[in-house]
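# Residue-level structural notes
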Amino acid sequence: MTQQTPSPEPGALDVRRVRTHHLLEAKRRGEKFTMLTSYDALTASIFDAAGVDTLLVGDSAGNNVLGYSSTLPVTVDELLPMCRAVSGAVERALVVVDLPFGSYEASPEQAVATAVRFLKEGGAHAVKVEGGAWFAPHVEAMVRAGVPVVAHLGFTPQSEHALGGYRVQGRGDAARVLVEDARALEAAGAFCVLMEMVPAEAAEAVDAALGVPTVGIGAGAGTTGQVLVWQDMLGLRRGRMARFVRQYADLHGVVSEAVGHYVDDVRSGAFPGPEHSF
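Every value quoted in this text rests on a predicted model; they were computed, and no experiment measured them. (Residues numbered from 1 in each chain as written. Predicted model: local features only at pLDDT ≥ 70, side-chain atom pairs only at ≥ 80, totals over all residues. Heavy atoms only, no water.)

### Description of the side chain of Ser60
Note on placement: Ser60 falls in the loop between strand S2 (54–57) and helix H3 (61–64). If near-sequence neighbours (up to four positions away) are discounted, Ser60 is found in contact with Thr37, Tyr39, Thr71 and Val229. (Helix = DSSP H or I, 4+ residues; strand = E, 2+ residues; numbered from the N terminus. Contact = heavy atoms within 4.5 Å.)

### Quick notes on the packing of helix H6 (residues 136–144) against helix H8 (residues 174–188)
Packing of H6 against H8 leaves a shortest axis separation of 8 Å and a crossing angle of 25 degrees. By the angle between their axes, H6 is roughly parallel relative to H8. The interaxial crossing formed by H6 with H8 has right-handed handedness. Contact with H6, carried on its side by Ala136, Val139, Glu140 and Val143, involves Ala184, Leu185 and Ala188 of H8 and no other residues of that element. A per-class count over the contact of H6 with H8 returns six nonpolar, no polar and one charged. (Axes fitted to C-alpha atoms, helices over the stretch in contact; angles between N-to-C directions. Parallel < 35°, antiparallel > 145°, perpendicular 65-115°, else oblique. Left-handed = near helix turned anticlockwise from the far one by under 90°. Nonpolar A, V, L, I, M, F, W, Y, C, P; charged D, E, K, R; others polar.)

### Overview of the sheet that holds strand S3 (residues 94–98)
The strands making up a sheet associate through backbone hydrogen bonding, with each pair oriented either parallel or antiparallel. In space, the eight strands of this closed barrel follow the order S1-S2-S3-S4-S5-S6-S7-S8, with parallel pairing throughout. Put simply, the sheet's adjacent strands are angled 25 degrees from each other on average, direction ignored. Pairing of S3 with strand S4 (residues 126–130) involves three bridges; the strand directions are parallel. Across the sheet, Val97 pairs through a bridge with Val127, a residue of S4. (Pairing = 2+ DSSP bridges.)

### Thoughts on the packing of aromatic side chains
Tallied over the full model, the rule gives four aromatic pairs. With a centroid separation of 5.6 Å and 55 degrees between ring planes, the pair formed by Tyr104 and Phe135 is classed as tilted. Here Tyr104 is found in the loop between S3 and helix H5 (108–120), whereas its partner Phe135 is found in the loop between S4 and H6, with 31 residues between them in sequence. Judged by relative accessible area, which is 10%, Phe135 ranks as buried. (Phe/Tyr/Trp six-rings, centres within 6.5 Å; stacked < 30°, edge-to-face > 60°. Buried < 20%, exposed > 50% of the residue type's maximum accessible area, 1.4 Å probe, protein only.)

### Description of the pattern of salt bridges
For the structure on display, the rule yields ten salt bridges. A salt bridge links Glu180 to Arg176, with the shortest nitrogen-to-oxygen separation between them at 2.9 Å. In this pair, Glu180 and Arg176 both sit in helix H8, four residues apart, roughly one turn of the helix. Overall, Arg176 belongs to the exposed group, its relative accessible area being 51%. Residues joined by salt bridges that share partners form a network here, namely Asp77, Arg117 and Glu121. (Salt bridge = Lys/Arg side-chain N within 4 Å of Asp/Glu carboxyl O.)

Here it is in structure tokens:
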């Protein structure tokens with residue numbers, strides 16, 4: 001009798017719908033997962049179909065969609081329709097949304113109220129908040145209310161003025177504080193910890209200290225998952241890129257060339273042709 005080779009065991013993320021516990025399983029199995037930002041239905045649908053595991057409706061929309069110089073001006077009312085668009089377009093990916101600056105810091109009650117709006121009105125599956133152990137009561141209150149929470153440590157863009165600008169966090173003795181903050185937020189119920197612009201060694205220490213998965217952006221390769229802003233990753237943005245960005249395409253060049261052809265065709269009369277007319 002011919003022996004059959006057993007099929008490989010499916011990965012933690014070989015699922016029809018990614019849930020928070022699948023990310024935990026990925027960490028336990030030593031598997032990696034992916035996250036990209038998304039702010040609209042079209043990109044959400046593309047990224048979802050391409051296999052991105054988690055989509056972040058980030059307050060980075062301030063810089064990338066709304067034309068602001070930072071994330072600080074973004075409001076709940078501005079982010080809610082983007083969240084609805086993304087959550088309505090995905091079939092598999094877990095959708096996480098940022099709670100904008102000023103919408104959760106005042107109290108655990110404010111955090112719960114804002115988070116509930118994003119789940120009820122925006123269709124989000126989880127929320128993300130920036131800040132250290134002092135936000136543990138906020139995280140605990142949201143989790144108690146049934147809201148899955150991602151904690152964001154390291155460089156926190158909403159605190160750029162307090163941090164003195166875009167600077168790497170968690171160097172030297174500050175790495176110990178990073179671990180302590182992460183443990184406190186995990187104990188409060190955060191199902192994932194995202195770290196931005198921290199030394200790779202510090203990020204590895206945090207990941208090793210936690211039972212929950214971690215996500216990195218500019219935090220080295222030791223985290224469970226990785227996240228990038230999609231306009232950076234696909235080369236839609238021009239100019240100086242952060243060190244941690246890898247560009248997988250040049251959409252700026254592709255779009256510029258295509259639009260240039262369109263302009264030329266309209267001006268020359270080549271478009272619309274008979275085949276484009278009724």
